[in-house]
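This is what each chain is made of:
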Amino acid sequence: DAGVIQSPRHEVTEMGQEVTLRCKPISGHDYLFWYRQTMMRGLELLIYFNNNVPIDDSGMPEDRFSAKMPNASFSTLKIQPSEPRDSAVYFCASSSDLANVNTEAFFGQGTRLTVV
Amino acid sequence: RKEVEQDPGPFNVPEGATVAFNCTYSNSASQSFFWYRQDCRKEPKLLMSVYSSGNEDGRFTAQLNRASQYISLLIRDSKLSDSATYLCVVNVGNYGQNFVFGPGTRLSVLP
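Residues numbered from 1 in each chain as written. Chains lettered and ligands numbered in written order. Predicted model: local features only at pLDDT ≥ 70, side-chain atom pairs only at ≥ 80, totals over all residues. Heavy atoms only, no water.

Asks: Lay out the overall build of chain B in plain terms, naming residues and giving numbers.
Replies: Counting its regular elements, chain B contains zero helices and eleven strands. Scanning chain B from its N terminus toward the C terminus, one meets helices and strands in the order β-β-β-β-β-β-β-β-β-β-β. Whereas a compact globule of 111 residues would reach a radius of gyration of roughly 13 Å, chain B reaches 14 Å, a difference of no more than 12%. Dimensions along the principal axes, computed over C-alpha positions, put chain B at roughly 45 × 30 × 20 Å. Scored against the burial criterion, the 111 residues of chain B give a buried share of 49%. Considering only contacts in chain B between residues 6 or more positions apart, those separated by 24 or more positions represent 56%. In the structure as shown, chain B presents an accessible area of about 5,300 Å², 48% of it carried by carbon and sulfur atoms. Seen as two clouds, the 11 positive and the 10 negative side-chain charges of chain B have centres 4 Å apart. (Helix = DSSP H or I, 4+ residues; strand = E, 2+ residues; numbered from the N terminus. Rg over C-alpha atoms; globule rule 2.2 N^0.38 Å. Buried < 20%, exposed > 50% of the residue type's maximum accessible area, 1.4 Å probe, protein only. Contact = heavy atoms within 4.5 Å. Areas by Shrake-Rupley, 256 points an atom, 1.4 Å probe, with all protein chains shown as cover. Lys, Arg positive; Asp, Glu negative; His and termini not counted. Charge placed at Lys NZ, Arg CZ, Asp CG, Glu CD.)

Here is the structure:
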């Protein structure tokens, strides 16, 4: 398995532009998580899905952020319009829930976003 | 109070030293516990799960105290390659899975 795949790896965009981050979870995993990591705030959970349904989006900072999971193998995180304070590393992670509470989350390599 | 708290660090130790990291969590209903390792500019990766009875994996020992809501990680005979940030992770999902990460403790092992 190739693991969790994110694209792009790096994104530099101008303030006000729309940014779309993409994630392909590990096949068979039914949970997908979007995290944001900054030096100041560490790893913050933005939203997570179970079986393609958003379960908790309380971490989404504001209406400029939206996430979708149209099918089991693809998710997007969109920022529109982007602002400099959105600059961070965005990680996607997936996990399975096989009645084993010790299942872990597997992370993609992240997208490093810079908004100038 | 944050859901998961860790020693602020950084920890700078010589090769061969033993180092211990502590972590506390606030949600008593937390289901499962992990230690992740994150190298600079890389994604977090699982180091080890933490089981109720405590568990060991080579030089690494994890302990859980549910009554005190406390987790620890002990690294013996530290190597240069152990230099990284160590993240305490708690699954607080009441329904399924919801991984909450601590702020991490940075470890530098010095020659």
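Asks: Run through the interface of chain A and chain B, naming residues and quoting values.
Replies: Counting residues at the interface gives 23 residues for chain A and 22 residues for chain B. Taken over both partners, the interface formed by chain A and chain B buries close to 1,800 Å², and the fraction arising from carbon and sulfur atoms is 51%. For the pair chain A and chain B, the number of links is zero salt bridges. Where chain A packs against chain B, one counts three residue pairs in polar contact (both at pLDDT 80 or more). Class assignment of the residues belonging to the side of chain A that touches chain B gives a composition of eleven nonpolar, eight polar and four charged. (Buried area = accessible area lost by both parts, 1.4 Å probe. Salt bridge = Lys/Arg side-chain N within 4 Å of Asp/Glu carboxyl O. Polar contact = N/O pair within 3.5 Å; in protein donor to acceptor, adjacent residues only side chain to side chain. Nonpolar A, V, L, I, M, F, W, Y, C, P; charged D, E, K, R; others polar.)

Asks: For unusual backbone geometry, give the residues involved together with the corresponding values.
Replies: Across the junction of A:Ser7 and A:Pro8, the peptide omega takes the value -10 degrees, indicating a cis bond. Along the chain, the position of A:Pro8 falls in the loop between strand E1 (5-7) and strand E2 (10-13). A cis amide bond, omega -10 degrees, links A:Gln80 with the succeeding residue A:Pro81. Within the fold, A:Pro81 resides in the loop between strand E8 (74-79) and strand E9 (88-95). The phi dihedral of B:Gln69 falls on the positive side, at around 55 degrees, and the residue is not glycine. Its location among the elements puts B:Gln69 in the loop between strand E7 (60-65) and strand E8 (70-75).

Asks: Go over the sheet that holds E1(A), please, and point to the residues and values.
Replies: Residues and elements named next belong to chain A. Across the sheet, which stays open at both edges, the four strands sit in the order E1-E3-E8-E7 with antiparallel pairing between neighbours. Two strands lie at the open edges of the sheet, namely E1 and strand E7 (65-71), each paired on one side alone. Each adjacent strand pair in this sheet contributes to an overall mean axis angle of 15 degrees, direction not counted. Where strand E3 (residues 19-24) lies against E8, five bridges are found, and the strand directions are antiparallel. Bridge pairing in E8 places Val 19 opposite Ile 79. (Pairing = 2+ DSSP bridges. Axes fitted to C-alpha atoms, helices over the stretch in contact; angles between N-to-C directions.)

Asks: Got a sec to walk through the nonpolar core? Specific residues and values, please.
Replies: When a protein is soluble and globular, its nonpolar side chains tend to lie buried together. All names here are of chain B. Of all hydrophobic cores here, the largest spans 25 residues; its most connected members are Phe 21, Trp 35, Ile 71, Leu 73, Ile 75, Tyr 86 and Leu 107. Contributing elements (two or more residues each) for this core: strand E3 (19-25), strand E4 (32-38), strand E5 (45-50), E7, E8, strand E9 (84-91) and strand E11 (105-110). If we skip the residues at most four places from it in the chain, Ile 75 touches Ala 17, Thr 18, Val 19, Phe 21, Arg 59, Phe 60, Asp 82, Tyr 86 and Leu 107. (Core = buried A, V, L, I, M, F, W, Y, C linked by side-chain atoms within 4.5 Å.)

Asks: Before we move on, can you summarise the pattern of salt bridges with the specific residues and values?
Replies: One pass over the full model with this rule turns up twelve salt bridges over all chains. A:Glu44 is paired through a salt bridge with A:Arg36; the nearest N and O atoms lie 3.4 Å apart. Accessibility assignment for this pair places A:Glu44 and A:Arg36 in one class, buried. One salt bridge connects B:Asp77 with B:Lys79, and the closest N-O pair in it is separated by 2.9 Å. By relative accessible area, which is 37% here, B:Asp77 ends up partly exposed. A relative accessible area of 33% places B:Lys79 in the partly exposed class. Here the salt bridges share partners, and the residues they tie into one network are A:Glu62, A:Arg64, A:Glu83, A:Arg85 and A:Asp86.

Any functional reading would require information beyond the geometric quantities listed.
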